Amino acid sequence: MSSLENRPETTPSAKWRWPSVHPEGRKFALIAGAITLVLFWLSTSLGWIGVGITIWVAAFFRDPIRSVPLGKDLVVSPADGLVTMIQEVDPPIELTGEGALPPGRCMRVSIFMSVFDVHINRAPIGGTITRVVYIAGKFLNASLDKASEENERQHFLMTGHDGTLIGFTQIAGLVARRIVPFVKTGDMVAAGQRIGLIRFGSRVDVYLPAGTAAKVTLGQRAIAGETVLARIGDGEKITGIAQ
C-alpha cells in the first residue's frame, strides 16, 4: 500500500477573518478619521476620543462573510439582532393586493438591531424582488410595536423560485436616519444576498406565509444570512427558555 493511501482524509476548515468595511460606510470612517486628526491638533485627550469614535464607525459598517444554509424551504434571517417580537398580525397594506401577500393574518418576526450589531440586511429567500415601497415617517424607538406603522420604513416583497411570497420591512429607529437599498424591483437575488442597510440602529420585520411558524424564540440572537427563521409550510411552533 502506498504512502498516499495511508494518509488520513483532510477536511476543509473555516478560519476567522477580519470583517471588511462596506463601501457605504468608508466615507463616514474617513470623515471620522479626518475629524480625529483635527482633535489631536487641539488636544491629545480629544484625539483619543476621536480614535474611539472612528473605530466604532468602521465597526458599525462592518460587512462579515456569512455561510448561508441552502434549502428551497428555508427562510433565513435578513438581519443581525435580537428577536423582540413574534406575533400574528395583518400584513401592511403596501405588501398586499394583487400578486402580493394574501389577505388574512400571518406570522411576523421582528429583529431589533442595536448600534453595535451588523447593519447589512440580506434577502431571506432566493427569488425576485417584486415590490419596493418607501414610506416616510417618524423616528420612534424601533423596538416599539407601533414603529412598524409610524416610522420611516421600506417594504420589500419577494417571490421565491417556487412562487412563495415573503414580505419584509426595514424600519428606521430612534437614531437611524437613512435607509439605503442595494436592490430594486425586478432584481433577482440569492438567499442571504445583501439587499440594503439602515444607518445607526433599527429593526427588520419578516412576514411569513400562512401556515408557517417561526423557528426562533423571543430573546434569541439572529444572524443575517445564517439563522433559519422558518421552514415554508412548517407550522410547528418551538419554545425556548432564557438561562
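Residues numbered from 1 in each chain as written. Predicted model: local features only at pLDDT ≥ 70, side-chain atom pairs only at ≥ 80, totals over all residues. Heavy atoms only, no water.

Side-chain pairing between opposite charges can occur once the charged atoms of the two side chains come close. According to the stated counting rule, one finds 9 salt bridges in the structure shown. Note that R122 is salt-bridged to D63, the shortest N-O span being 3.8 Å. In this pair, R122 sits in strand β6 (residues 120–122) while D63 sits in strand β2 (residues 62–63), placing the two residues 59 residues apart along the sequence. A salt bridge links R105 to D90, with the shortest nitrogen-to-oxygen separation between them at 3.8 Å. Of this pair, R105 sits in the loop between β4 (81–89) and β5 (106–113) while D90 sits in the loop between β4 and β5, and the two are 15 residues apart along the sequence. Within this structure, D63, R122 and R194 form a network of salt bridges that share partners. (Salt bridge = Lys/Arg side-chain N within 4 Å of Asp/Glu carboxyl O. Helix = DSSP H or I, 4+ residues; strand = E, 2+ residues; numbered from the N terminus.)

Sheets are built from strands that pair by backbone hydrogen bonding, the pairs being arranged parallel or antiparallel. Across the sheet, which stays open at both edges, the 3 strands sit in the order β6-β12-β10 with antiparallel pairing between neighbours. Each edge of the open sheet is held by one strand with a lone partner, namely β6 and β10 (179–181). On average, adjacent strands in this sheet sit at an angle of 25° to one another, irrespective of strand direction. Pairing of β10 with strand β12 (residues 194–198) involves 3 bridges; the strand directions are antiparallel. Residue pairing for β12: I179 is matched across the bridge by I198. (Pairing = 2+ DSSP bridges. Axes fitted to C-alpha atoms, helices over the stretch in contact; angles between N-to-C directions.)

In this section: the pairing of strand β7 (residues 127–135). In this structure, β7 lies alongside strand β8 (residues 153–160), joined through 8 bridges in antiparallel fashion. Residue V132 lies in a different strand from β8, and its bridge partner there is F156.

Turning our attention to the layout of surface pockets. One number sums up the size of the largest pocket: a volume of about 280 Å³. Along its surface, the largest pocket is lined by A14, K15, W16, R17, W18, P19, S20, D63, P64, I65, R66 and S67. Looking at the lining of the largest pocket, its residues break down into 6 nonpolar, 2 polar and 4 charged. (1 Å grid on protein atoms, 1.4 Å probe; cavity = no way out; pocket = protein on both sides within 12 Å on 5 of 7 lines; lining within 4 Å. Points joined across faces, edges and corners; volume = space filled by probe spheres on them. Nonpolar A, V, L, I, M, F, W, Y, C, P; charged D, E, K, R; others polar.)

This part is about the pairing of strand β13 (residues 202–207). The buried fraction of β13 amounts to 6 of the 6 residues, a majority that puts the element mostly inside the structure. Burial along β13 is two-sided: S202, V204 and V206 facing one way and R203, D205 and Y207 facing the other are all buried. Looking at chain direction, β5 and β13 are connected through 6 bridges and run antiparallel. Note on β13: the bridge partner recorded for F112 is R203. Sheet topology places strand β9 (residues 165–172) next to β13; 6 bridges connect them, and they run antiparallel. Each residue of the ladder has a partner; that of I171, found in β13, is R203. (Buried < 20%, exposed > 50% of the residue type's maximum accessible area, 1.4 Å probe, protein only.)

Here the focus is helix α2 (residues 23–42). Every α-helix winds through 3.6 residues per turn, so residues three or four apart in the chain are directed the same way. An ideal rise of 1.5 Å per residue puts 28 Å on 20 residues; α2 measures up with 30 Å between its terminal C-alpha atoms. For α2, the complete set of buried residues consists of E24, G25, A29, A32 and T36. For α2, the angular spread of the buried residues around the axis is 100°, confining them to a single face. Exposed and oriented more than 90 degrees from the buried face of α2 are P23, L30, L37 and W41. Packed against the buried residues of α2 are β1 (20–21), α3 (44–60), β10 and β12. (Expected span 1.5 Å × (residues − 1). Arc of directions from axis to C-beta. Contact = heavy atoms within 4.5 Å.)

This part is about the side chain of H119. The topology assignment puts H119 in the loop between β5 and β6. One polar contact links the side chain of H119 to the main-chain carbonyl oxygen of D117, over a distance of 2.8 Å. (Polar contact = N/O pair within 3.5 Å; in protein donor to acceptor, adjacent residues only side chain to side chain.)

On to the sheet that holds β9. Ordered in space as β11-β7-β8-β9-β13-β5-β4-β14, the 8 strands form an open sheet in which the pairing is antiparallel. Each end of this open sheet is capped by a strand with a single partner; those strands are β11 (188–189) and β14 (221–222). With 2 bridges connecting them, β4 and β14 associate as antiparallel partners. For G81, the partnering residue across the bridge sits in β14 and is A222.

Taking 1.5 Å as the rise per residue, α3 with 17 residues should run 24 Å; its terminal C-alpha atoms sit 24 Å apart, in good agreement. Among all positions in α3, only G47, G50, T54, V57 and F60 are buried. Buried positions in α3, seen along its axis, are confined to an arc of 135° and lie on one side of it. Turned more than 90 degrees away from the buried face of α3, the exposed residues are T44, S45, W48, I49 and I55. Of the residues flanking the start of α3, the one acting as N-cap is S43, its side-chain oxygen 3.3 Å from the backbone nitrogen of S45.

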